[in-house]
Amino acid sequence: MFSRRPRLLPSVPNPDPTPAPAPAPDHALGFTDIYGSLTPRQISIITIGSAIGTGLMVGTGRALSIVQTTDPSQPAAILISYTIVGFAVYLVLSALGEVGSWLPKPYTVADQAVRFCDPALGFSLGWIFWLKYAIVTPNQLTAAALVVSYWVDAEQVNPGVWITIFLSIIVALNCINHRLPSRIEFYMASCKLVVMLGLMILSTIIALGGGPDHDRRGFRYWSYPGAFGSHRHDGLIDKFYITCSTMSSATFAYIGSERSGMCHFPNVRKATSRAIKNTFYRILVFHLLAITLLGMIIPQDSISVAFYSRASHDAAASAFVAALYLAGISVLPDFLNACILVFVLSIANYDLYLATKAMCDLSLKRRAPAFLSRTTHRGVPIYALGMCSLLATLAYLNVNQDSTLVFGYFVDMVTMLGLLTWFSILVTHISFVRARKAQGVPDKSLAFRARFGLPGTCVALVLCLFISVTIVFDSFSFDSGERRFDVSSFIASYISIPLYILLMVGYKIAVHSKHVNPKDVDLWTDKSGPEISAGQGQVRLTEVPPSCS
């Protein structure tokens, strides 16, 4: 029979000058296929569970015990830093939701940058996106070695032994099937939600005096030694300095939140709105409430936290484990530490999977060597996996250095890579809004609109810039009253910026690409159904000649 169907408005050619690759087989899909065959509900659980990661379980101990002045960081400083970064993340995801929901199928943030802003930005962002997950994998292995040190001290068994075991496990799991890591992460995310909710209830009971020691702590540690430290540091500058010193650890806890914008469902408006709401509640409950409770039940100078400068040999990497131990609870600290070890290994396994997928995606789009997208008969990009696994061996830096120190370097590096990703997402959103206005597309045509619009994106840009500057405070430390500058920490924090610029400038020189003019931005390719007529703001259907169906 003959049928008539709407035709899309004429579209502007894709501004990315790299040739389009041949269609990839289903088993070689790139980063947009990270969730495989999971249902929308399962994906939502993974997204919510991603809030309970190494940054929250282990990184909070580092934030709590950072010695930047003569006193450790205090609960108010940590709460402020988590709130600032959480608000920035909410704005970033709102911007990502508006751009992502415009298209009917998922696109990576790099693809969005290529299409709406600048091909060079998309190229640079694609590599930074991969590097972030490639670097966070050895960071997770370092965290796992720290968790094990609660039972077996590093002087008894070198951390390199544990890293070898853990790395072998996650590489083997990634080699079995390319969909297995996402399935494992779903089950682990469900367990993390249960454990974290139970831990928060238990923390509340301990704070109210329901623990074995019957010590009603309340907000004792907020009063003494104080919300921002001892009374010797009541000055505004001291409070600002202490708060800034925790920004890196707070940002690290939110890294990876942008993955929620990589999947689309049939009802785009409803799904995107729900994802943004879940992000808000996730930030409120799993970060701000958890940090508040943690500041109530554990002193900031506790020697039971591995990151404290005078920590005991059997100190816990997680401040939550230390809090249960200090409350006099038996068995549970070991059980929680074992759960955290499993969770960290699950996250390491999934991060290696995401790094492999990101590298495969770069290869499929001809932004990396073609051989990296070759897969086994089970769909595993074996060469990309090998390259990412090779980079994961950076975790062996723990062999000759303090694991807490190495963990801090990785945190600073991953934090800056994450900030560069957020910065690029915000720039892409600004370009998208400019293109819509230049082509006369009204706001009512959007499936989802960013909560605070363009002003919110500008605020997020300022916050990201502020956070990136405050990371420099991690490079300063005090030893016996003497201020010292850690060059290695500074390099780890800011080495990503020149790399980001070098990738962008190098691509522009090699390909002679230019920033996409707002009037020439391709808003219509892959759009289906009624479209908005550019320059008129009205729905228009253009018919095509009859065809056989």
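Quantities reported herein were computed from a predicted structural model and do not represent experimental measurements.

Draft legend 1. Representation of the overall build of the chain within the structure. Secondary structure summary: the chain contains 19 helices and 8 strands in total. In the chain, buried positions account for 58% of the 549 residues. Counted over contacts in the chain with a minimum sequence separation of 6, partners at least 24 positions apart contribute 83%. Accessible surface computed for the chain: about 22,400 Å², of which carbon and sulfur atoms make up 65%.

Draft legend 2. Quick peek at the nonpolar core. Counting 129 residues, the largest nonpolar core has W130, M196 and W422 as the members making the most contacts within it. Sort the elements by how many residues they give to this core and helix α6 (residues 119-148) lands first, with 20 residues. Those residues in contact with W422 that lie beyond four places of it in its chain are V85, V89, V92, T251, Y254, I255, E258 and C464. If you look at the next biggest cluster of nonpolar residues, it comprises 13 residues, including L103, Y107, V516 and L523.

Draft legend 3. A look at the packing of α6 against helix α19 (residues 496-511). Packing of α6 against α19 brings their axes to within 8 Å, and their N-to-C directions diverge by 140 degrees. Judged by the angle between their axes, α6 and α19 are oblique. As α6 runs across α19, the sense of the crossing is right-handed. From α6, P119, A120, L121, F123, S124, W127, I128 and L131 reach across to α19, where they touch S496, L499, Y500, L503, M504, Y507 and K508. Of the residues in the contact of α6 with α19, the class split is 12 nonpolar, 2 polar and 1 charged.

Draft legend 4. Structural view of unusual backbone geometry. For V331, which is not glycine, the phi dihedral falls at a positive 70 degrees. Tracing the backbone shows V331 in the loop between α13 (319-326) and α14 (332-364). In the Ramachandran plot, R366 falls in the positive-phi region, its phi being about 60 degrees despite a non-glycine side chain. Position of R366 among the secondary structure elements: in the loop between α14 and α15 (382-392).

Draft legend 5. Here's a closer look at the confidence of the model for the chain. With 77% of its residues at a pLDDT of 70 or more, the chain has an overall mean of 78. A low-confidence stretch, residues 1-28 stays under pLDDT 50, and its non-local contacts, those more than four residues away or across chains, total 70 contacts.

Draft legend 6. Spotlight on the packing of helix α8 (residues 180-207) against α14. Relative orientation of the contacting elements α8 and α14 amounts to 145 degrees, with a least axis distance of 10 Å. Regarding α8 and α14, the two cross each other, and that crossing is left-handed. Facing P181, S182, I184, E185, M188, C191, K192, V195, L199 and L202 of α8, the residues of α14 in contact are L332, L336, C339, V342, F343, S346, I347, N349, Y350 and Y353. Residues of the contact of α8 with α14, tallied by class, amount to 15 nonpolar, 3 polar and 2 charged.

Draft legend 7. View of the packing of aromatic side chains. Counted under the stated rule, the structure contains 16 aromatic pairs. Summarising the aromatic geometry, the rings of Y350 and Y353 are spaced 5.6 Å apart at their centres and angled 25 degrees between planes, so their arrangement reads as stacked. Of this pair, Y350 and Y353 both sit in helix α14, 3 residues apart, which is roughly one turn of the helix. Exposure remark for Y350: the relative accessible area of 2% places this residue in the buried category. Three or more aromatic residues link up through ring pairs in this structure, and these residues are W102, F116, F432 and W524.

Draft legend 8. How the structure looks around helix α5 (residues 109-116). Of all the 8 residues making up α5, 8 are buried; the element is thus mostly covered by neighbouring parts of the structure. Among all positions in α5, only V109, A110, D111, Q112, A113, V114, R115 and F116 are buried.

Draft legend 9. Quick look at the environment of N158. Assignment of secondary structure puts N158 in the loop between α6 and α7 (159-176). When the C-alpha atoms of N158 and A145 are compared, they prove to be 9.3 Å apart, with 13 residues separating the residues in sequence. A polar atom in the side chain of N158 sits 3.5 Å from the backbone oxygen of V399.

Draft legend 10. Just the state of the cysteines, in detail. Taken as a whole and judged by the stated rule, the model has 0 disulfides. C191 forms no disulfide, and the closest cysteine sulfur to it belongs to C339, at a distance of 8.1 Å.

Draft legend 11. Up close: the pattern of salt bridges. Taken as a whole, this structure holds 9 salt bridges when the rule is applied. The shortest N-O distance in the salt bridge between D111 and K365 comes to 2.2 Å. Of this pair, D111 sits in helix α5 while K365 sits in the loop between α14 and α15, placing them 254 residues apart in sequence. For the pair D111 and K365, a shared accessibility class is recorded, and that class is buried. Salt-bridge contacts for D118 lead to K508; the nearest nitrogen and oxygen are separated by 2.9 Å. In this pair, D118 sits in the loop between α5 and α6 while K508 sits in helix α19, placing the two residues 390 residues apart along the sequence. Given a relative accessible area of 6%, D118 falls into the buried group. What emerges from the salt-bridge pattern is a single network uniting E98, R436, D443 and R449.

Rules used throughout
Residues numbered from 1 in each chain as written. Predicted model: local features only at pLDDT ≥ 70, side-chain atom pairs only at ≥ 80, totals over all residues. Heavy atoms only, no water. Helix = DSSP H or I, 4+ residues; strand = E, 2+ residues; numbered from the N terminus. Buried < 20%, exposed > 50% of the residue type's maximum accessible area, 1.4 Å probe, protein only. Contact = heavy atoms within 4.5 Å. Areas by Shrake-Rupley, 256 points an atom, 1.4 Å probe, with all protein chains shown as cover. Core = buried A, V, L, I, M, F, W, Y, C linked by side-chain atoms within 4.5 Å. Axes fitted to C-alpha atoms, helices over the stretch in contact; angles between N-to-C directions. Parallel < 35°, antiparallel > 145°, perpendicular 65-115°, else oblique. Left-handed = near helix turned anticlockwise from the far one by under 90°. Nonpolar A, V, L, I, M, F, W, Y, C, P; charged D, E, K, R; others polar. pLDDT = per-residue confidence, 0-100. Phe/Tyr/Trp six-rings, centres within 6.5 Å; stacked < 30°, edge-to-face > 60°. Polar contact = N/O pair within 3.5 Å; in protein donor to acceptor, adjacent residues only side chain to side chain. Disulfide = S-S within 2.5 Å. Salt bridge = Lys/Arg side-chain N within 4 Å of Asp/Glu carboxyl O.

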